[in-house]
Structures are given as structure tokens and as C-alpha cells.
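# Coordinates in review
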Amino acid sequence: MDMRPLAARLPAPIGRLAELAYNLWWSWHPEGRGLFRSLDRVLWKGAHHNPVKLLEDIPLQRLLAAAADISFLKEYDAAVKTFDAYMSQNSSWFATHYGILDRQTIAYFSAEYAIHNSLPIYAGGLGVLAGDYCKEASDLGVPLVGIGFMYPQGYFHQHVSADGWQEELYEHLNFEGAPISPAVSSQGERLKVAIELDSRTVWVAIWKVNIGRVNLFLMDTDIEENSPQDRRLSARLYVSDREKRLQQEILLGIGGVRILRVLGIEPTVWHANEGHAAFMMLERVRELVEKGMNFAEAVRRIPSNTVFTTHTPVPAGNDTFSFDLIENYFHRYWESLSLDKDTFLELGRIKGETSFSMTVLALRMADWRNGVSILHGKTCRKMWQSLWPEVKEDDVPITSVTNGVHIPTWLAPDMRNLYRKYLGKDWREKQDDPDFWKRAMDIPDEELWKTHLWLKRKLISFVCDRSRRRWTEDNVTPGQVLTMGALLDPEVLTIGFARRFTDYKRATLILKDTQRLERIVKNQSRPVQIIFAGKSHPADEHGKHLIQQIYHIAKDPMFGGRIAFVEDYDMHLARYLVHGMDVWLNTPRLLQEASGTSGQKAALNGIPHFSVLDGWWHEGYNGANGWAIGNGQTSPVASQDDQDAEAFYRLLEEEIVPLYYERDWNGLPCGWIRVMKEAISSIVPAFCARRMVKEYVERMYVKAAQAAEGMTTPHD
Ligand SMILES: *Cc1c(COP(=O)(O)O)cnc(C)c1O
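Residues numbered from 1 in each chain as written. Predicted model: local features only at pLDDT ≥ 70, side-chain atom pairs only at ≥ 80, totals over all residues. Heavy atoms only, no water.

## Digging into the site of the ligand
Where we set the bar: What makes a residue near a molecule or strand is one non-hydrogen atom of that residue sitting within 4 Å of it. Polar contact is the term for a pair of N or O atoms within 3.5 Å; when the atoms are in protein, one must be able to donate a hydrogen and the other to accept it, and sequence-neighboring residues count only if both atoms are side-chain atoms. For the area figures, the Shrake-Rupley method with a 1.4 Å probe applies, and any residue is considered shielded solely by the protein chains shown.
Around the ligand there are 14 residues in total, and Lys-505, Gly-596, Thr-597, Ser-598 and Lys-601 lie nearest to it. Thr-597 is positioned such that a nitrogen or oxygen atom in its backbone is 3.2 Å from an oxygen atom of the ligand. Between Ser-598 and the ligand, the recorded distance is 2.5 Å, taken from a side-chain N or O atom to an oxygen atom. Protein chains shield 95% of the accessible area of the ligand, which is 390 Å² for the free molecule.

This is the structure:
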């Protein structure tokens, strides 16, 4: 919670360990991770790879011994040197290309961030994207500042009962052991901001998180000034209660702007990652009105340096609030804007509807709008055309920037070594260079296969160990232990399906014909196993039923223990899964998966994607780097499900299984390895976060910053 007491414990020769522990830089740099692991392997594991916790728990004697251990000191010095070089880098990509914009700040608002499990303030893909985004911005030297929430009770661990029902075990975050520090004024006082909610005032305290060179500021309402009810406002993410949800979004958007102001940060570009933060745009209008500008003029000023990214076409992901609710919370606010009720509500109204849409508000108030894959961009233009009735669908001003993943976070260390050896030491700098990645074809087959098998064994042993722990510690039944994956076999073709259990992801699609599935998985000479993982939102009964269906199949002896459901999908488990599967499966209902990123993580580790042609795969599939379910054309829901299930079975039976089991004299599946290499070389450069962040900078931030500075119109 505060670095100083920790730092005070440290012997001088290793005095900067606390600083390293409080910068999540360590989490994507092997020098950082390795250093903490070397300090004490057992405690490191016990602390769930959280260095702050490790330094709190470690006995003083152990620290003194480390401070006198020459080999540890050598490792320490090397890590500190790498860290300092990283932090002071003034030859970063951004500084080199956009030096003139050096003193700009881009404010990035997101309701969740997945950076590392030691800071569990995320639910799923949106958070992973935001976390990866901050890390890559740091790597590239982009002057980004993040705004989000501290959710001290937001995180649940998933257990599944013997009957397949998801149970949530909430983890109360231990602030002492989290890599956060209070944001304080120059006089050392805790910084706070006030936000009016209905007729009361809520206070928000600020925590700071260091993500390399990027600072992330998190809001926390659990402070004395607030009523017990308001103290819980920021306790959990994505509450289902509409009124609480609105309150949270007011805090995020309006509070977020105020936080930047008390911190003395003056952003030149404002980016709302999803509509949750759209009130940020209104608050900036209010500031201008307060300074004496009239509303019409103020509202014209905001869009030119405002960026809005929409992440999902699914209605539940696009927040709307009833006009009544909005009226309760905003009637004073619209007075302060000198607006009447109707004009205000119009800002978020979807034509013909009587609710206030955060997506509509954001689309109206940002000149820079994008979806997150080429296909999703097209879907957005269609979906939101009613906002631009005067233009043709193709001309609706919403573009796309396809999502990507942060390579150092998701690449297995063993694969990293392989890339260093066969592609070059500079692979990190060349992440987004397609020519460079063509060299993946030169990796010797034996070595790639050996590395892959090693990662697959690690995955299976991790899964077995997790089920063993549940068996010994929690009294689960033997049936549950087997269902959790105790019978998995590293020799068998292994398919992974891990994602949130919500309707459109169609986890149960492969159960359409269970007899056919049984024949596939139980084939004597060429068996297949499938590992499922994923949580459901606690309020999503339907999602829980989907988990239950999978669980029942996994538990059924008919399937021979070849289908497993691994509990508690999180970033940590995700790393094992995307490192060690043979195939990554994705079966969303077409046009509903805006991008998806887990398949990208798998591909960069050489795991081919087997997916509906939706989201990123629509542009990623090249005919040789994985498999496509369907042809990318939509048809009515029921027949689409049947067709896609049929395509899934057929591709497995006719292409995937035979290719996997076809071996040469040395036991190598050469045809399969070719697909792996094709996946690496075509997918890494195109779907890394580096390519993504550069695109946001080049296509939006730079122009938006120039618009803000010179007040030129953005699209000229
Ligand atoms: C990558 C990731 C996701 C997002 O994956 P999708 O393919 O978009 O479903 C969700 N949760 C975790 C823990 C992840 O690591």
C-alpha cells in the first residue's frame, strides 16, 4: 500500500527491490520475474507471484543472506540496470517519431484492467485488452495515463459443485500486499475528489499503479467521508443493479476527469475504452461552460480530441439507462450546462427509444470512433447508421483498429528462447515486422515440436496439480477430480476452449451431436481431448447453465475423461492454456465476437486457431495458418448453429485429427508443424499490441493532439 515501510526493511545492497516490486514492469520482463523468484522460490509461489507480498513475507535473515550472495547481487544489478535503461529510454518509438508531441498526455479511461493477478481488477477480455494496451504504450514510450477503479471485492474465484454449478468465492483484496500506492499532494496529503450523486456528495480517493512508464490511477470510495453504502460503490465491477451501475459510471467518467485535474495532468487527447466512461466527455463540456463558454460552443470543442472505442455489438455490452434514472442523477447537471431536459436526453437517445445509451453519447461526442476488427467496424457502421441518416452505410464515420496482444506478456519463456535463437535477439523490436517473422519458417521442426510438447506437459501437469489440490484440501468427490482434468494425457491431440461463458460464445455448440463427439474423443488410435475453462458473470444464470452442460458431459464416463472443465479461468491459468494446447477453438455466433484475443495469444505460441470467421480471425485466416468454421456468411440462428457444428465435426474428423497424427520416421508431425509455423509468422506481426497501439497513435492520437493544439478540423 505504501512502498516506504517495505523499502526500509531492505538491506542497502538490494535497496531498490521495493521500487521494482511496485512497478509491474517486472511482470513482463524475465529479468524482473527471475529476480524475485531467485530471492525465494517457495515464498514466491506462496505469494502467488506477487513481489510486494513476497517482500512483506520474507524473513529478514533471508534478505540479509541475499544481500551478501554474489550471484544474487549480480542478478539484482542486471535487473536494476535493465529497469533503469527501460525507464529512462528517450529513444523510444514515440520519442523518435513524435518528439514534438512529447509533452502531450493521452488519458485512457477503462472500467477494468488486467495487468497481473496481483491486482485483480478485471473480468475478462476488455480488461486484458486495456492491460496489454498500457504495457505496450509503456514499451513504445507513448505518454499515456490510465484511469480506472480499484475494486477491493470485485474478484471472485470459481469453484464448480459436483452438480456443475458455478460457485463464487469472493476474494477481498489485501491492500497491504497490492502493488498500489496512495496518490498524495506535494504536502503529503491524500488526494481526493468530490462527485455529486443525486443530492449527496461522494468522495473518491486515488491509488497509483506503475506499469513501466505508464501511470494508472484507480478510484476508491471506501473511505471515511462516505456513507457505508457509498463506501461499497467501487467494491465490485459490473454490478447488475442499474442504479449502482449508473453511479459507478458517473464516478468513472466525471470523477476521472476531476482526478486528472487534481493530479495536475492536462491531457491533450481523451480516449474512452468502451462506453462505460462516456460521461468523461460531458464533464469536459461542463468545465468549459463553467469557464463561461456557451453550451453549443463547448460541445463543439470536445470531439476533435476525443477517441471512442466500442468493443461489442452485443446489447448487454452497450449500457443504457432509463430516462428516469438519468433524470434523477443529472437534473442538476444539465442545469449547470444551461440545458433543458430534452436536449440533454437527446445526447444519448437512440432514435425512437426512451433510454439513454452510453454508446450513443460517446459516438456523438467523439470524432475518432472505432470498432476492434475490420469486420466489427463494418458491423458498427450498420448498427449505428441511424445516427448518420444522411450518409450511406459504408460512409458512417466509424473505422476500425484490430485488437492485438502484448507479446512479452503472453509468450511462453521457452518460445521466447526459440525466437531469440532462430529469429534474432532483436525479436522484441521487430514484433510488428512481417518480413522478420517469415524467419519462423526456419525454426527446426524438432526443436519447435520439442518445445511445444514441453509446454503441453507443463499445462497438463498444472491442471492435474490443481485438481489434486482440490481433492486434498476441499473434499471434492473423485468424479469432480476426474472432471477437472486428472485423466488428461499429454500424448493426445488437445483442443482448448477458454473464455467467458455467455450465450453468444456458444460453448455448447460442440455438444450438438454428442454421439459423434464421443466417437471423435474416444477414437482408439487417434483420440482427442478438449479442455474447457471460463467463468460466468455471477448474475448470468444462462451462462451458468452452459457451464453445467459442459460439466455434465465432462463428468460422464461415456467421454472417457477426455473432456475436462478446469476451474477459475484467470490470467494465470490463461498463460498455461495459451502456451500448451494443440489447437485453440472459438465458436462465437457470427458477427458477435467483435475481435477476441485469446486465439492471438495461442497463435504467437505456435498454436493454430480453429474458429468461426468472426472478429480478428476474419482478417487473420489465410488458408494455411489454422482452420475456419463456416464461410463467414450469416444465416438464421438455428441453421447457423447446425451448420457450424457440422463444420466443426467435419474439420476435426477429416483434416485436424489426421494431420496431427500423421508422423514421419522421427515421429514428427511435419504437416502440423507447418501450420504452427505459418500461424506464428502470419499472426504475430499483424496481431501484436505493438501494431495496434502504433495504429491508434498514428491514425488518431497524433491528429487529435494536433487538432487540440491548433484547433484544425480533424478530418482534413
Ligand atoms: C485473453 C483473455 C480473455 C479474452 O479472450 P477472448 O478470446 O476475447 O474471449 C478473457 N479472459 C482472460 C483471463 C484472458 O486471458
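## Overview of the packing of aromatic side chains
As a reminder, the rule being used: Stacked, tilted and edge-to-face are the three classes assigned to paired rings of Phe, Tyr and Trp, where Trp is represented by its six-membered ring and a pair needs centres within 6.5 Å; plane angles under 30 degrees give stacked, over 60 edge-to-face, the rest tilted. What counts as a helix is a DSSP run of H or I of at least four residues, what counts as a strand is a run of E of at least two, and both are numbered from the N terminus. We call a residue buried when its accessible area falls under 20% of the maximum for its residue type, exposed when it is over 50%, and partly exposed in between, using a 1.4 Å probe and counting protein chains only.
Throughout the structure, instances matching the rule amount to 39 aromatic pairs. Ring geometry for Tyr-133 and Tyr-696: centres 5.4 Å apart, planes at 75°, overall edge-to-face. Taken together, the residues Tyr-133 in helix α9 (residues 125–140) and Tyr-696 in helix α30 (residues 689–710) connect sequence positions 563 residues apart. Judged by its relative accessible area of 2%, Tyr-696 falls in the buried class. Geometrically, the ring pair formed by Trp-617 and Tyr-621 is tilted, given 5.3 Å between the ring centres and 45° between the ring planes. Using a relative accessible area of 0% as the deciding quantity, one classes Trp-617 as buried. Linked through ring pairs, Phe-279, Phe-330, Tyr-333, Trp-334, Phe-344 and Phe-356 together constitute an aromatic cluster.

## Some remarks on the domain arrangement of the protein
Just so we agree on the cut-off: For the purposes of this description, domain bounds are those given by an automatic or database domain assignment. Any pair of residues with heavy atoms lying within 4.5 Å of one another is described as a contacting pair. Summed over both partners, the accessible area lost on bringing two parts together, with a 1.4 Å probe, is the buried area. Salt bridges are identified by distance alone: a Lys or Arg side-chain nitrogen within 4 Å of an Asp or Glu carboxyl oxygen.
Each assigned domain of the protein is listed here: domain 1 (3–87), domain 2 (102–317 + 357–368 + 694–708) and domain 3 (407–687). Once you take the C-alpha centre of each, domain 2 and domain 3 turn out to be 32 Å apart. Domain 2 puts 33 residues into the contact, and the matching count from domain 3 is 36 residues. Each partner contributes to the roughly 2700 Å² buried at the junction of domain 2 and domain 3, and carbon and sulfur atoms together form 50% of this total. Three residues stand out in domain 2 for area buried against domain 3, namely Gln-158, Val-160 and Trp-165, and they jointly supply 23% of the buried area on that side. Our count for the domain 2 to domain 3 interface comes out at 2 salt bridges. Inspection of the region where domain 2 meets domain 3 yields 20 residue pairs in polar contact (both at pLDDT 80 or more). Mapped onto the side of domain 2 that touches domain 3, the elements with two or more residues apiece are α9, β3 (155–160) and β4 (166–171). Considering each element in turn, the side of domain 2 that touches domain 3 owes the most residues, 6 residues, to β3.

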